[in-house]
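Residues per chain are reported as follows:
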Amino acid sequence: VSDGVIHHAPCSVLLYRGDAKRWAARTKDKPLDVVFGWDDSPSSTEALDFAESSQLMRSIQSIDFISCLQINVYYGMSHSLAMIDYWPKYKKVIEDNLRRIAHACQEKHSKLQTKVVVLESTDTANSLNEYTCEHKKDMIIVGSKGKGALDRFLLGSVSNRLVHHADCPVLIAL
């Protein structure tokens, strides 16, 4: 059912596969600490615009903006940008862009705490979920269609995998 909803819903969707009563009790009367998965796509921008324009932002205390740089491994060998000399420069550009986005968000919402994290990962969805669990975050926000059709075919849809495996609610913003 969740697959059908996230693929066909004409609006943003909040899904949670765990114990909703336990989550509600944990977050009752407490501002939310959120992980925002950012991949520098139009979908990520739309997801941030949605969060900022909705009532949700009033409930958020902190957002950790996370970008996962994909390390592709085929047949046990890394075939990614990580092998190229300019990887550190590429990573810095991503981090700087993310800092600008976090700073702009913080300027709009003065009480909001922001953090920027750039991870290197072979599995973006798993890395976002692990980070969320490790840092005891309340929710993950992602856009619905960050990469192109070929990337989704090769790597899978991050939002789809999060819905199936995340240990907290996932907001897939359209």
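The following paragraphs examine the structure supplied in this document.

Calculation criteria
- Residues numbered from 1 in each chain as written.
- Predicted model: local features only at pLDDT ≥ 70, side-chain atom pairs only at ≥ 80, totals over all residues.
- Heavy atoms only, no water.
- Pairing = 2+ DSSP bridges.
- Helix = DSSP H or I, 4+ residues; strand = E, 2+ residues; numbered from the N terminus.
- Axes fitted to C-alpha atoms, helices over the stretch in contact; angles between N-to-C directions.
- Buried < 20%, exposed > 50% of the residue type's maximum accessible area, 1.4 Å probe, protein only.
- Parallel < 35°, antiparallel > 145°, perpendicular 65-115°, else oblique.
- Left-handed = near helix turned anticlockwise from the far one by under 90°.
- Contact = heavy atoms within 4.5 Å.
- Nonpolar A, V, L, I, M, F, W, Y, C, P; charged D, E, K, R; others polar.
- Salt bridge = Lys/Arg side-chain N within 4 Å of Asp/Glu carboxyl O.

Once that is clear, we can look at the sheet that holds strand 8 (residues 170–173). Here we have 6 strands laid out as an open sheet, ordered 1-8-7-2-3-6, and mixed in their pairing. With one partner strand each, in any of the chains shown, strand 1 (13–15) and strand 6 (113–121) form the two edges of the open sheet. Direction aside, neighbouring strands of the sheet carry axes that sit 20 degrees apart on average. By the bridge criterion, 3 bridges tie strand 1 to strand 8 in an arrangement that is antiparallel. Each bridged residue has a counterpart across the sheet, and for L15 the counterpart in strand 8 is V170.

On to unusual backbone geometry. Non-glycine residue D29 carries a positive phi angle of around 55 degrees. Checked against the element boundaries, D29 lands in the loop between helix 2 (20–27) and strand 2 (32–37). Given a relative accessible area of 75%, D29 falls into the exposed group. Backbone geometry places D40, a non-glycine residue, at a positive phi of 60 degrees. Here D40 is to be found in the loop between strand 2 and helix 3 (42–53).

Their axes nearest at 8 Å, the elements helix 5 (residues 124–134) and helix 7 (residues 158–165) cross at an angle of 45 degrees. Here helix 5 is positioned oblique relative to helix 7, judged by the angle of their axes. Helix 5 and helix 7 meet at a crossing whose hand is right-handed. Contacts from T124, A125, L128 and N129 in helix 5 reach V158, R161, L162 and H165 in helix 7. Residue classes in the contact of helix 5 with helix 7 are distributed as 4 nonpolar, 3 polar and 1 charged.

Turning our attention to the pattern of salt bridges. Under the defined criterion, the tally for this structure stands at 8 salt bridges. Among the ionic pairs, K30 bridges to D33, the shortest N-O distance being 3.8 Å. The exposure class assigned to K30 is partly exposed, which follows from its relative accessible area of 33%. On the accessibility criterion, D33 (14% relative accessible area) is buried. For D64, the salt bridge goes to K137, with nearest N and O atoms at 3.3 Å. Linking D64 in strand 3 (residues 60–70) with K137 in the loop between helix 5 and strand 7 (139–143), this pair joins segments that are 73 residues apart in sequence. A relative accessible area of 4% places D64 in the buried class. According to the relative accessible area criterion, K137 is buried, its value standing at 11%.

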